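# Structural features, examined
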Amino acid sequence: MSLETDLLLDRRRLKRRLSFWRVLAVLSISAALGLVAWRGAVPGGAPHVSRLTVSGFITGDRKLERAIAKLADDKSSKALLVYIDSAGGSVAGGEGLHDVIARVAKRKPVVAVMGGIAASAGYMVAAPAERIFAREATLTGSIGV
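Here's what I pulled together on the structure shown here. On a predicted model such as this, the values are computed, not experimentally measured, just so you know.

### Structural notes on the nonpolar core
Of all hydrophobic cores here, the largest spans 21 residues; its most connected members are V54, V82, I84, I101 and V125. Of all the secondary structure elements, the ones that give two or more residues to this core are β1 (48-58), α2 (62-71), β2 (77-89), α3 (91-105), β3 (110-119) and α4 (121-126). Beyond its immediate sequence surroundings of up to four residues, I101 is in contact with L52, I68, V82, V110, V125 and P128.

This is the structure in structure tokens:
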């Protein structure tokens, strides 16, 4: 009977140790994930270049314009790269993007890179950039024809 009691006590002790290490592992993983999530959500993370892709038909998008406007105050974003591959769009959409990119350009460098086509409102979006890069075969121009 003493042997069975010792085995039961030993088994309980091992279960407690295992439970301790399991709880410690879960808490460590939770803390690590929380730190990663907190670090990514805090403004002022690692310095980076923000990228905006403008493609297809350009329309007015207030949500997008507000997000771009926030880049002007974002200290971790050091510049804005605008990639344009669009044949144009609405006047209001093109003007809205132009104005918000111009506001960002007053505070940090903006570079526009044109893809296969950047005409009409697509060209208007590129206009406030400090530098505009276009390929030899890029179709561009024609604002307000």
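### Quick look at the pattern of salt bridges
Per the stated rule, a full pass over the model turns up two salt bridges. Where R13 meets D10, a salt bridge forms, and the shortest distance between an N and an O atom there is 2.9 Å. In this pair, R13 and D10 are both assigned in helix α1 (residues 2-41), three residues apart and thus about one turn of the helix distant. Classification of R13 as partly exposed rests on a relative accessible area of 40%. Residues R107 and D73 are paired through a salt bridge, measuring 2.2 Å at the closest nitrogen-oxygen approach. A residue pair is termed long-range when its members are at least 10 positions apart, and R107 in the loop between α3 and β3 and D73 in the loop between α2 and β2 qualify at 34 residues. As far as burial versus exposure is concerned, R107 and D73 are alike and both exposed.

### What to know about the pairing of β1
Consecutive side chains of a regular strand alternate in pointing toward one face of the sheet and then the other. Where β1 meets β2, ten bridges bridge the pair, whose relative direction is parallel. Directly across from V49, in β2, lies its bridge partner A79. Note that the unit made of β1, α2 and β2 has a crossover that is right-handed.

### Things to note about a positive patch on the surface
A cluster of basic residues, R11, R12, K15 and R16, forms a positive patch at the surface. Relative to the assigned elements, R11 resides in helix α1.

### Some thoughts on α3
For α3, with 15 residues, the first-to-last C-alpha span of 21 Å sits near the 21 Å given by 1.5 Å per residue. Among all positions in α3, only G93, G94, G96, L97, V100, I101 and V104 are buried. For α3, the angular spread of the buried residues around the axis is 165°, confining them to a single face. Set apart from the buried face of α3 by more than 90 degrees, the exposed residues are V91 and A92. Buried-residue contacts for α3 involve β1, α2, β2, β3 and α4.

Procedures and definitions
- Residues numbered from 1 in each chain as written.
- Predicted model: local features only at pLDDT ≥ 70, side-chain atom pairs only at ≥ 80, totals over all residues.
- Heavy atoms only, no water.
- Core = buried A, V, L, I, M, F, W, Y, C linked by side-chain atoms within 4.5 Å.
- Buried < 20%, exposed > 50% of the residue type's maximum accessible area, 1.4 Å probe, protein only.
- Helix = DSSP H or I, 4+ residues; strand = E, 2+ residues; numbered from the N terminus.
- Contact = heavy atoms within 4.5 Å.
- Salt bridge = Lys/Arg side-chain N within 4 Å of Asp/Glu carboxyl O.
- Pairing = 2+ DSSP bridges.
- Right-handed = clockwise from strand over helix to strand, strands pointing away.
- Patch = residues over 30% accessible without salt bridge, like charges linked within 9 Å, V, L, I, M, F, W, Y side chains within 5 Å.
- Areas by Shrake-Rupley, 256 points an atom, 1.4 Å probe, with all protein chains shown as cover.
- Lys, Arg positive; Asp, Glu negative; His and termini not counted.
- Charge placed at Lys NZ, Arg CZ, Asp CG, Glu CD.
- Expected span 1.5 Å × (residues − 1).
- Arc of directions from axis to C-beta.

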